[in-house]
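Listed here are the chains, written in short residue letters.
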Protein chains: 2
Amino acid sequence: MITPAFDAWVRDELVRVEQALSRWVPAEAPAGLGEAMRYGVLDGGKRLRPLLVRAACEAVAGDLAAALRAAVAVELIHAYSLVHDDMPCMDNDVLRRGKPTVHVQFGEAGAMLAGDAMQALAFEVLTPEDLPDEVMAPQLQARLCGLLARAAGHAGMAGGQAIDLAATGKPLDEACLRDMHRRKTGALLQASVLMGAATGPCDPACWSALSDFGAALGLAFQIVDDILDVTQASDKLGKTAGKDLHANKPTYVTVLGLPEARRQATALHQQALQALARGQLADAGHLRLLADMVVDRDS
Amino acid sequence: MITPAFDAWVRDELVRVEQALSRWVPAEAPAGLGEAMRYGVLDGGKRLRPLLVRAACEAVAGDLAAALRAAVAVELIHAYSLVHDDMPCMDNDVLRRGKPTVHVQFGEAGAMLAGDAMQALAFEVLTPEDLPDEVMAPQLQARLCGLLARAAGHAGMAGGQAIDLAATGKPLDEACLRDMHRRKTGALLQASVLMGAATGPCDPACWSALSDFGAALGLAFQIVDDILDVTQASDKLGKTAGKDLHANKPTYVTVLGLPEARRQATALHQQALQALARGQLADAGHLRLLADMVVDRDS
């Protein structure tokens, strides 16, 4: 159950993440590039991935400053993927987080470059040049870069988007749909949890529990997204509702129907909580409440 | 002077780099993504950046296996930038390395995703999961990720491309043109040298010498590129000749004229060699010959 204390934690974390994004996404990048990058990532979004990083860091009593860098990096990857995904050659969407999309505002070339630079920036943030090794160990920097690159790349998010692209207008069975969602959305959500876990002590059993938690949560998130796409209006979502349906894309709702999609979201929610309980974690409270939030959200 | 021994070294290195690219750029990535990535990076290109990484590694008697990963990573970043740069919203080019460009072959969305996944893959290659720390130290992994991310991002290549985009059809003075070229092409060439240097022992004086060498060489490379764009035919270049001129883009030739552009390329060549001589390097022979090759090339 979502509590006032959890609400307060989320509010505080969002302020911290927003300040860090604003500090590290450069206003001074040349020829409008910085402006487009900032437009693409500041002032919007639920920041679920940063919250997961920070909550997982708490769960292992990890290094919160390193987790803040990881949170910013993962949000930059997420935001760049939205910038590219909205472009005319992909989903051709004009509304995102209640604002015109980046290519509408800055042109297609500007949006492509901003996305490219945001991906690079994620790895810059994870490898601070100006901090002594004691503050953020190079071992941790390398670990975080590896986790993020694998979640973002061909085996993760980019691979999922390629499947998505190829699947438009085609029937997809449940196994293929699950594979697509696991990569497209699940990989980065799972990586958020694991990047948080990497900032502290986490034995193989704990790592495996958090990995399973992240995987179940990631898939649950995307199924709920599919459900909201058909049950909510655009103004509530801050993006164009019903767009998967209109684009003739397979979703959990079109493939399995609304009741079965809801049933699976609930089952995955339970799986996530069970995995968490297995982890013998220092403090899994916020991770648990984030899982509740993901499944119970209405936007 | 280019010697037969240098030619043989280049041939051997190209085989090694090509094999490594082929091994690490995944054929099995889903929905044609792997095919597009491989098309975009295999079987073509001069591989100047990988050669610089490997030669700089030799110069500091560094770790050649780590340098091979760095070489592949930097070439992936270069290749992704070409894939995106060729797209209709950017340069709209149909010919690259003598073949149809990636978006002609795989569609715009396919090209965008392939480029995105290639950037992520660069950081995957630098952070091997399956190697023990003794084989590639996490400190080195983090260092290489940081150097590459900064060269690729807003302060480097992506920033330079944003300036390039904004400069089309506008007069640019020499200082702005130099700044654009330093970022757009120079940053990644300089990073190639420094990534090679990072694989071995390199004191601050040696680092500074190699950094200056890379900066001079990087700018010389782009000036020579500007010269070849107006003096060579497309079939020789393997890409569309005269395109900067037709696109009304400022270049060293349009801003300074051909004789002055040639004079500056020669001066930078000398600067690069002088920096190298300062470095007290174990074996700078191949770096020196690569500098000659960059300036004396005809394609």
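About the thresholds
- Residues numbered from 1 in each chain as written.
- Chains lettered and ligands numbered in written order.
- Predicted model: local features only at pLDDT ≥ 70, side-chain atom pairs only at ≥ 80, totals over all residues.
- Helix = DSSP H or I, 4+ residues; strand = E, 2+ residues; numbered from the N terminus.
- Rg over C-alpha atoms; globule rule 2.2 N^0.38 Å.
- Buried ≥ 20, exposed ≤ 12 C-beta atoms within 10 Å, placed from the backbone.
- Contact = placed C-beta atoms within 7 Å.
- Core = buried A, V, L, I, M, F, W, Y, C linked by C-beta atoms within 7 Å.
- Least-squares fit on C-alpha atoms with pLDDT ≥ 70 in both.
- Nonpolar A, V, L, I, M, F, W, Y, C, P; charged D, E, K, R; others polar.

Novice: Would you take a moment to explain the overall build of chain A for this structure?
Specialist: Check the secondary structure of chain A and you find 15 helices and two strands. The C-alpha radius of gyration computed for chain A amounts to 18 Å, which stays within 12% of the reference 19 Å derived for 299 residues, consistent with globular compactness. Across the 299 residues of chain A, 55% fall into the buried class. Partitioning the intrachain contacts of chain A with sequence separation of at least 6 by distance along the chain shows that 74% fall at a separation of at least 24.

Novice: Got a minute to help me understand the nonpolar core in this structure?
Specialist: One recurring pattern in soluble globular proteins is that nonpolar side chains are buried together. Counting 206 residues, the largest nonpolar core has L148(A) and L148(B) as its most contacted members. Sort the elements by how many residues they give to this core and helix 5 (residues 102-126) of chain B lands first, with 15 residues. In this view, L148(B) contacts A73(B), V74(B), I77(B), A122(B), L126(B), A191(B) and M195(B); residues no more than four positions away in its chain are not counted.

Novice: Just checking my understanding: could you explain the relation of the copies chain A and chain B for this structure?
Specialist: Both copies of the chain are related by one operation, a rotation about an axis with a shift along it. Taken as rigid bodies, chain A and chain B are interconverted by a rotation of 180° and an axial shift of 0.0 Å, the fit giving an RMSD of 0.0 Å. Here the symmetry operator amounts to a two-fold rotation axis. Within chain A, the C-alpha atom positioned nearest to the axis of rotation is that of A142(A), 2.3 Å from it. A high fraction, 100%, of the interface residues of chain A reappear at the interface in chain B, so the copies pair face to face through one surface.

Novice: How should the interface of chain A and chain B be read in this particular structure?
Specialist: Put simply, an interface is often sized by how much accessible area is lost when its parts join up. Taken together, the contact pairs 42 residues of chain A with 42 residues of chain B. Sorting the residues of the side of chain A that touches chain B by element identifies helix 2 (33-41), helix 6 (108-126), helix 7 (138-152) and helix 8 (157-167) of chain A as the ones contributing at least two each. Broken down by element, the residue count for the side of chain A that touches chain B peaks at 11 residues, all from helix 6 of chain A. Taken together, the residues of the side of chain A that touches chain B break down into 25 nonpolar, 12 polar and five charged.

None of this, on its own, says anything about what the molecule does.
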